[in-house]
Amino acid sequence: VMELMTGGELFDHIIKKETFDEDMAQKIMAPVFDAVIYCHERGIIHRDIKPENLLLSGKNLDESIIKISDFGLARYINSEEDKLATTTCGTPGYVAPEILNKKPYDHRCDFWSLAVVLFIMLSGTPPFFHEDNFELFDLIKAGKYEFDAPAWKIISKEAKDLITKL
């Protein structure tokens, strides 16, 4: 149970706004990165980060607090002891390739998902898209995406570099 988040899901704001400028994306995503890092420092991986699981405290994005919800797929891991996760789980467009490849994985799967969310916020389009999930999974496993949509022309090389490194 958590407090009422009257601003709804980040997903709804993305649909309404279509794209975010870098300043707004940073304002929204910095606390999410902080929260994910906090969880990782405690050995928790979320495994289902997506805009639908990022909730806002109010309708005004400039004044809202954002929180991560739905820890239903989360689990403890300890990378230092080589205790890794192996369960195939997550939401198709946001899942990391190592999960799809059925390889043991760690907290970095959450950073992949954060990169997908950030990509969508900045461009209004997902980095990987296909109507068929099997085809979508092949695209994700290949890890090939482009910064060629018109929205990317005004996005800094630093933002693109962050997404690439995530």
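In case you missed it, the structure is sitting above this.
What you see as residue numbers is a count from 1 along each chain, following the sequence as written. Per-residue local features of the predicted model are confined to residues with pLDDT of at least 70, and side-chain atom pairs are confined, for both listing and counting, to 80 or more; whole-chain, interface and lining totals are unaffected and use all residues. Hydrogen atoms and water are omitted, and side-chain values are computed over all heavy atoms in the structure.

*Asks:* Help me understand the overall build of the chain, please; the structure alone is not making it clear to me.
*Replies:* The helix and strand labels rest on DSSP assignments: H or I over at least four residues marks a helix, E over at least two residues marks a strand, and numbering proceeds from the N terminus. A count of helical and extended segments in the chain gives 6 helices and 5 strands. Secondary structure of the chain in N-to-C order comes out as β-α-α-β-β-β-β-α-α-α-α. Whereas a compact globule of 166 residues would reach a radius of gyration of roughly 15 Å, the chain reaches 16 Å, a difference of no more than 12%. Its C-alpha atoms give the chain principal-axis dimensions of about 40 × 40 × 30 Å. The globule rule used for comparison is 2.2 Å times the number of residues to the exponent 0.38, while the radius of gyration itself is calculated over C-alpha atoms.

*Asks:* When you look at the packing of aromatic side chains in this model, what are you seeing that I'm missing?
*Replies:* Two aromatic rings are characterised by how far apart their centres lie and by the angle between their planes. Only Phe, Tyr and Trp rings take part, Trp by its six-membered ring, and two of them pair if their centres are within 6.5 Å. Stacked means planes under 30 degrees apart, edge-to-face means over 60, and tilted covers everything else. Per the stated rule, a full pass over the model turns up 7 aromatic pairs. Judged by centre distance (6.1 Å) and plane angle (85°), the rings of Phe-119 and Tyr-145 are edge-to-face. Pair noted here: Phe-119 is in helix H4 (residues 108-123) and Tyr-145 is in the loop between helix H5 (133-142) and helix H6 (157-165), with a separation of 26 residues, a long-range link. Here's how the labels work: a residue is buried when its accessible area is under 20% of the maximum for its type, exposed when over 50%, partly exposed in between, all with a 1.4 Å probe on protein chains only. Of the residues examined, Tyr-145 reaches a relative accessible area of 23% and is grouped as partly exposed. Plain terms: the ring middles of Phe-147 and Trp-152 are 4.7 Å apart, the flat faces sit at 70° to each other, and that makes the pair edge-to-face. For Phe-147, a relative accessible area of 25% puts it in the partly exposed group. The class of Trp-152 is buried, set by a relative accessible area of 1%. Remark: a charge is flagged as sitting over a ring if the NZ atom of Lys or the CZ atom of Arg is within 6 Å of the ring centre and within 35 degrees of the ring normal. Across from the ring centre of Phe-20, 5.5 Å away, lies the NZ or CZ of Lys-17, which sits over that ring.

*Asks:* Which parts of the structure should I look at to understand the environment of Ala-142?
*Replies:* Along the chain, Ala-142 falls in helix H5. Among the residues examined, Ala-142 registers a relative accessible area of 48% and is labelled partly exposed. With 45 residues separating them in the primary sequence, Ala-142 and Pro-97 have C-alpha atoms 7.9 Å apart.

*Asks:* What's the story with the pattern of salt bridges in this structure? I'm lost.
*Replies:* Oppositely charged side chains are able to pair whenever their charged atoms sit close together. Here, a salt bridge means any Lys or Arg side-chain nitrogen found within 4 Å of an Asp or Glu carboxyl oxygen. If you walk through the whole model with that rule in mind, you get 5 salt bridges. In this structure, the salt-bridge partner of Arg-108 is Asp-106, at a minimum N-O distance of 3.0 Å. The exposed category is assigned to Arg-108, whose relative accessible area is 53%.

*Asks:* I'm lost on the nonpolar core in this one. Help?
*Replies:* A general trend in soluble globular proteins is that nonpolar side chains are found buried together. Only buried Ala, Val, Leu, Ile, Met, Phe, Trp, Tyr and Cys residues count toward a nonpolar core, and they belong to the same one when joined by side-chain atoms within 4.5 Å. The biggest cluster of nonpolar side chains holds 47 residues, and the ones touching the most others in it are Leu-10, Phe-20, Ile-28, Met-29 and Met-121. Listing elements by their share of this core, those giving two or more residues are helix H1 (10-17), helix H2 (22-41), strand S3 (54-56), strand S4 (66-68), helix H3 (97-100), H4, H5 and H6. Among the elements that line this core, the one with the most residues is H4, at 12 residues. Excluding anything up to four places from it in sequence, Ile-28 contacts Leu-10, Phe-20, Leu-61, Ile-66 and Met-121. Residue contacts are defined here by distance: any two heavy atoms, one from each residue, within 4.5 Å place the two residues in contact.

*Asks:* So what exactly am I meant to see when it comes to the sheet that holds strand S1 (residues 8-9) here?
*Replies:* Pairing between the strands of a sheet is mediated by backbone hydrogen bonds and can be parallel or antiparallel. We treat two strands as partners when DSSP finds at least two bridges between them. If you trace the 3 strands from one edge of the open sheet to the other, you get S1-S3-S4, paired in antiparallel fashion. Edge strands, defined here as strands with exactly one partner in the open sheet, are S1 and S4. Pairing of S3 with S4 involves 3 bridges; the strand directions are antiparallel. Paired with Leu-54 across the two strands is Ile-68, which belongs to S4.

*Asks:* Looking at this structure, how should I read the packing of H2 against H4?
*Replies:* Two quantities define a packed helix pair, namely the angle between the helix axes and the distance between the axes. Relative orientation of the contacting elements H2 and H4 amounts to 170°, with a least axis distance of 11 Å. On the basis of the axis angle, H2 is roughly antiparallel to H4. Across the interface between the two elements, Glu-22, Ala-25, Ile-28, Met-29, Val-32, Phe-33, Val-36, Ile-37 and His-40 from H2 touch Asp-110, Phe-111, Leu-114, Val-117, Leu-118, Met-121 and Leu-122 from H4. When residues are grouped by polarity, Ala, Val, Leu, Ile, Met, Phe, Trp, Tyr, Cys and Pro land in nonpolar, Asp, Glu, Lys and Arg in charged, and all others, Gly among them, in polar. Split by residue class, the contact of H2 with H4 holds 13 nonpolar, 1 polar and 2 charged. Interaxial angles span 0 to 180 degrees and are taken between N-to-C directions of axes, which are lines fitted to C-alpha atoms, for helices over the stretch in contact. In these notes the angle categories are as follows: under 35 degrees is roughly parallel, over 145 is roughly antiparallel, 65 to 115 is roughly perpendicular, and the rest is oblique.

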